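Chain residues, written in single-letter form:
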Amino acid sequence: MAAPATSISRLPNHAQQVQHQPDWKRVAYLLHASRALDDIEESKLLPERKVLYQFSARGHDFAQILLGLQLTDPHDGVTVYYRSRPIMLALGTALEDAAAGPLARTGSFSGGRDIGVVFNMPGKDGPTVLPACGGVGAQYTPAAGWAQAIQYRREELGDPSYSRSIAVVLGGDASVATNGFWSALTVATTLQLPMLFYVEDNGFGISVSSKLQTPGGNIAANLRSFSGLTIIEGDGTDPAEAAERIARAVSVVRDSRVPVLLRLTVPRLSGHSGQDTQAYKSPEVVALERARDPLGKLHGYLVPNVLSESEWNRVAASARGDVEAAIAGALARPLPDPQGVTRYVFSEVGADGSPEMQEQGGLGPEGHVFPRSSTTPHPEGTRINMLTAIRRTLDAELASNPRMVVFGEDVGPKGGVHGATLGLQEKYGIERVFDTSLSEEGIIGRAVGMSIAGLLPVAEIQFRKYADPAAEQLNDCGTMRWRTRNRFAAPIVVRMPGGFFKCGDPWHSQTNEVAWVHGIGWHVAVPSNAEDAVGLLRSSLRGNDPVIFFEHRAMLDGAWARRPYPGDDYVIPFGKARTVRAGSELTIVTWGAMVERCEQAAAASGVDVEILDLRTLSPWDKTAVLTSVEKTRRCLIVHEDNVTAGFGAEIAAVLAKEAFFNLDAPIERLTMPDIPSPHSPVLLDAAVPTPERIMRTIQQLASV
Ligand SMILES: Cc1ncc(C[n+]2csc(CCOP(=O)(O)OP(=O)(O)O)c2C)c(N)n1
Ligand SMILES: [Mg+2]
């Protein structure tokens, strides 16, 4: 057996004695199985169009298998990417399931909803593989969230079974150029989280050289002076070296609870995906890559010292036979049922009335029981502003739910730039209420990882516009339940202030709440006053779906929005509009800061106006709107967001179809024009609907 290769820089001494002899026969079997899957897909199933999207792992496979066999702790969490099938096999994915994914059959990890190599695996009997994403770099920050949740569950929730658990993220050499990589690296190193960054460097991102992803092409070399990070490098095709490096990297993270970056060089022996001819690689490069094939090297390493030639051949034949049987089994599985394609966007209730719970993610699967809720307000004391109402609700829920954590930029000692978390860190400690690095992708991706690890993350985005850098994580969070066919969900709550205040501007005053209504899987709440903020926020914090909770800046301390605190058990179910004012001649549908303005306008208009405050836009109360419009026969929709494809367009479309014969006038919209929010109060008044303009529009519409 070859001796381990020499040690590398910056390793703690204890790691020098790491045991790294894997079960080589098992490694050989898994490697042959992975090759057989790739081979049959590439040579048969892809040309036959039974597999539509193929990603070969040839060359990456060997080292991934070694890594997977090291991940034995039941609370290890792994985020993978599209070239990660070998590690899935090593972690226990059955061959038939692994084959069924690319064939888009039932029973696979997405039931034909997602590309076959975009894996997930709930952690019932071992490590969790968090739902993979197609976006390169998206895998990093959820892994950091998992790592932080390990610490939280061990230290705050006092669960010693997390003492040696780690988070592992797999990524390619091009992925190190992404925001997600740098965001997760910052989180893991500043907080010293037990997280392994496993970089599979094949020199290419599709066709682009790694020299364009990081200067000189070697991320490990560039990160050598990065504080708080242990770097290990090696050849991912050399059996002895790869086994030693991987065992060492895992053991440093497990034992020392610190982040490690392990960069292994590997050849990509096939095209990037089934469609890629690799015409951009010279024959010399292809030949050099072939010469590095880890399968040949493993054969040379094991035969005859560990396995005889005939044993090796038997292992290869049995893996091939098992894969052929698995593919036959997968092909015999039914195709997905088209009738079910719209299911599991949100949590669903079964025939017996109990939730059809996701297997993993959020509080539900672990049986968390919330205190009693009430839909009846019990107003207490004097009126408080919306900001205090939000803070008090967070406080009450933090007190009763040890799995809840609140975080974002400046939410710690400062209490948030708007003051919503003032005093909460002092009361609940730095582990439960904490500042984050300035990376919205890091905030949301971390929240996703924490949620999958069974916590309730409540993330603050400082201003709505600054959710933009987190767009990918927000999207992937919302679609998770559907993508995984209810195996996983990440019910996180994202609070974000926005809208105009005393003035506007293109950065702090955007509303654009419609983006998440259009996005998949998000509930969207837009409270207009303190009482509704309490009820809607508590519903969000006790729900089982991700929520965007929009806090309008003008209402946070607005006098009109003040209400008495409605009690620590008060909840408002989503999708229930509030009738702000009953009337018979015209319906206004509105929400957020426009509710107050509509009320003023209606009072001065001389028209008998009914005002509905939708309170939530996803879901929205269609029944209330249709019932009101059937009565008044006129509808004005008022919102602060831009007009084109604003949420008013959706309401108008539904009314045009479902209330067509009940309308006496065209549906009218009064909104901001299609411009960013202007700064000068004079310009702002010209853009955002004012009570005067709303009043005039009411009068015009009433006279049609
Ligand atoms: C955000 C994003 N941008 C672009 C793509 C298209 N894309 C898919 S894989 C890939 C290259 C990734 O290369 P690397 O990280 O080195 O992994 P490898 O495929 O080489 O293993 C690109 C550009 C994507 N999936 N996601
Ligand atoms: Mg690459």
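Thresholds applied
- Residues numbered from 1 in each chain as written.
- Chains lettered and ligands numbered in written order.
- Predicted model: local features only at pLDDT ≥ 70, side-chain atom pairs only at ≥ 80, totals over all residues.
- Heavy atoms only, no water.
- Core = buried A, V, L, I, M, F, W, Y, C linked by side-chain atoms within 4.5 Å.
- Buried < 20%, exposed > 50% of the residue type's maximum accessible area, 1.4 Å probe, protein only.
- Helix = DSSP H or I, 4+ residues; strand = E, 2+ residues; numbered from the N terminus.
- Contact = heavy atoms within 4.5 Å.
- Phe/Tyr/Trp six-rings, centres within 6.5 Å; stacked < 30°, edge-to-face > 60°.
- Lys NZ or Arg CZ within 6 Å of the ring centre and 35° of its normal.
- Near = heavy atom within 4 Å.
- Polar contact = N/O pair within 3.5 Å; in protein donor to acceptor, adjacent residues only side chain to side chain.
- Areas by Shrake-Rupley, 256 points an atom, 1.4 Å probe, with all protein chains shown as cover.
- Donors = N, O, S within 2.8 Å, 3.2 Å for Na, K, Ca; no water.
- Expected span 1.5 Å × (residues − 1).
- Arc of directions from axis to C-beta.

**What to know about the nonpolar core**
(1) Moving on: Counting 77 residues, the largest nonpolar core has Met-195, Phe-197, Leu-261, Leu-614 and Ile-651 as the members making the most contacts within it.
(2) Moving on: Counting residues per element, this core draws most heavily on helix H5 (residues 140-155), at eight residues.
(3) Moving on: Beyond its immediate stretch of four places on either side in the chain, Met-195 contacts Tyr-140, Ala-143, Ala-144, Ala-147, Ala-167, Val-169, Ala-184, Ala-188, Val-253, Val-258, Pro-259 and Val-260.
(4) Moving on: Counting 72 residues, the second largest nonpolar core, distinct from the first, contains Val-51, Tyr-81, Leu-89 and Val-303.

**Quick notes on the packing of aromatic side chains**
(1) Moving on: This structure, assessed with the given rule, holds 16 aromatic pairs.
(2) Moving on: Ring plane angle 45 degrees and centroid distance 4.6 Å describe the contact between Phe-109 and Phe-119, whose orientation is recorded as tilted. Of the two residues, Phe-109 is situated in the loop between helix H4 (95-100) and strand S2 (128-129) and Phe-119 in the loop between H4 and S2; the sequence distance between them amounts to ten residues.
(3) Moving on: On the basis of relative accessibility, which here comes to 3%, the residue Phe-109 falls in the buried class.
(4) Moving on: In this structure Phe-119 comes out as buried when scored by relative accessible area, which is 1%.
(5) Moving on: Cluster of aromatic residues (ring-pair linked, three or more members): Tyr-53, Phe-55, Tyr-81 and Tyr-82.
(6) Moving on: Taking the ring centre of Tyr-565 as reference, the NZ or CZ of Arg-392 above it sits at 3.8 Å.
(7) Moving on: Arg-563 extends its terminal NZ or CZ atom over the ring of Trp-560, reaching a point 5.0 Å from the ring centre.

**Some words on the site of ligand 1**
(1) Moving on: Inspection of the region around ligand 1 gives 16 residues, with Tyr-81, Tyr-82, Arg-83, Asn-202 and Phe-204 positioned closest.
(2) Moving on: Here an oxygen atom of ligand 1 and a side-chain polar atom of Tyr-82 are 2.6 Å apart.
(3) Moving on: One of the backbone nitrogen or oxygen atoms of Ala-174 is found 2.9 Å away from an oxygen atom of ligand 1.
(4) Moving on: When isolated, ligand 1 has an accessible area of 590 Å², and the protein chains bury 70% of it.

**A look at the coordination of the magnesium ion (ligand 2)**
(1) Moving on: Protein-derived ligands of the magnesium ion (ligand 2) are Asp-173 (OD), Asn-202 (OD1) and Phe-204 (O), with the metal-ligand distances lying across 2.0 to 2.2 Å.
(2) Moving on: Sequence spacing of the donors to the magnesium ion (ligand 2): D-x28-N-x1-F. The pair Asn-202 / Phe-204 is uniform in exposure class, with both members buried.

**Some points on the side chain of Gln-54**
(1) Moving on: Structurally, Gln-54 is set in the loop between helix H1 (24-45) and helix H2 (61-70).
(2) Moving on: Of the polar contacts made by the side chain of Gln-54, one reaches the side chain of Glu-41; its length is 3.0 Å.

**Details of helix H23 (residues 691-702)**
(1) Moving on: Relative to the 16 Å expected for twelve residues at 1.5 Å per residue, H23 spans 16 Å between its end C-alpha atoms, a close match to the ideal helical length.
(2) Moving on: Listing the buried residues of H23 in full gives Pro-691, Ile-694, Thr-697, Ile-698 and Leu-701. On an axial view of H23, the arc spanned by its buried residues comes to 125 degrees, and they lie on one face.
(3) Moving on: Contacts from the buried residues of H23 go to strand S20 (586-590), helix H19 (594-605), strand S21 (609-613), strand S23 (635-642) and strand S24 (668-672).

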